[in-house]
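Observations on the model geometry
The chain contents come next:
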Amino acid sequence: MPAEKAKEMATCESEVECGREGDTYFIAATVKGETTKANFKSGVPFKLNVPFLGINETVTATDEGGKKLVIKGTVTETREVTGDTMLITLEKPGVAVAGKRYLKRM
């Protein structure tokens, strides 16, 4: 993520909706009025396009035990649910910095 986008993300509000129906997952994220949606199955590559972050690539998501979802592309995104809180962690191989965002169920 470019430095200017990281700075914007640190100060803006976002709304994230995610869930699962059967073996299909969905994520809808709205940042600065721009919504990105993805529907996918665990272990099946899918196209992820997040214009605000400059992401447009094929990624693969893996369900790890029902409470943790790992999405791997050039950046690894981990979504882990504990109670009413979801922790999203972003890590890029070769970079010594990881970003974390805590979301509360509404």
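Conventions we followed
- Residues numbered from 1 in each chain as written.
- Predicted model: local features only at pLDDT ≥ 70, side-chain atom pairs only at ≥ 80, totals over all residues.
- Heavy atoms only, no water.
- Pairing = 2+ DSSP bridges.
- Helix = DSSP H or I, 4+ residues; strand = E, 2+ residues; numbered from the N terminus.
- Axes fitted to C-alpha atoms, helices over the stretch in contact; angles between N-to-C directions.
- Core = buried A, V, L, I, M, F, W, Y, C linked by side-chain atoms within 4.5 Å.
- Buried < 20%, exposed > 50% of the residue type's maximum accessible area, 1.4 Å probe, protein only.
- Contact = heavy atoms within 4.5 Å.
- Salt bridge = Lys/Arg side-chain N within 4 Å of Asp/Glu carboxyl O.

Topic: the sheet that holds strand β2 (residues 24–31)
- Spatially, the 3 strands line up as an open sheet ordered β1-β2-β3, and their pairing is antiparallel. In this open sheet, the two edge strands, each paired with only one partner strand, are β1 (14–21) and β3 (34–41). When strand polarity is set aside, the average angle formed by the axes of neighbouring strands in this sheet is 10 degrees.

Considering the nonpolar core
- In terms of nonpolar packing, the biggest core is built from 14 residues, with F40, F46, L48, A61, L69 and I71 touching the most fellow members.
- Elements that contribute at least two residues to this core include exactly β2, β3, β4 (46–50), β5 (55–63) and β6 (68–72).
- Once residues within four sequence positions are removed from consideration, I71 is found in contact with I27, F40, F46, V59, T60, A61, T76, E77 and R79.

As for the pairing of β4
- Of the two faces of β4, only the one carrying F46, L48 and V50 is buried; K47 and N49 on the other face are not.
- Direction of pairing for β4 relative to β5: antiparallel, over a ladder of 5 bridges. Within β5, the residue paired with V50 across the bridge is I55.
- From the end of β4 to the start of β5, which pair antiparallel, there are 4 residues, and G54 there has a positive phi angle of about 75 degrees.

Notes on the pattern of salt bridges
- In total, this model carries 3 salt bridges according to the counting rule given.
- Residue D63 pairs with R20 through a salt bridge whose shortest N-O separation is 3.0 Å. Of this pair, D63 sits in strand β5 while R20 sits in strand β1, placing them 43 residues apart in sequence.
- A residue is classified by how much of its surface remains accessible, and D63, at 23% relative accessible area, is partly exposed.
- Note on R20: relative accessible area 47%, which makes it partly exposed.
- For the salt bridge of E77 with R79, the shortest nitrogen-to-oxygen distance reads 2.4 Å.
- Judged by its relative accessible area of 15%, E77 falls in the buried class.
- A residue is classified by how much of its surface remains accessible, and R79, at 10% relative accessible area, is buried.

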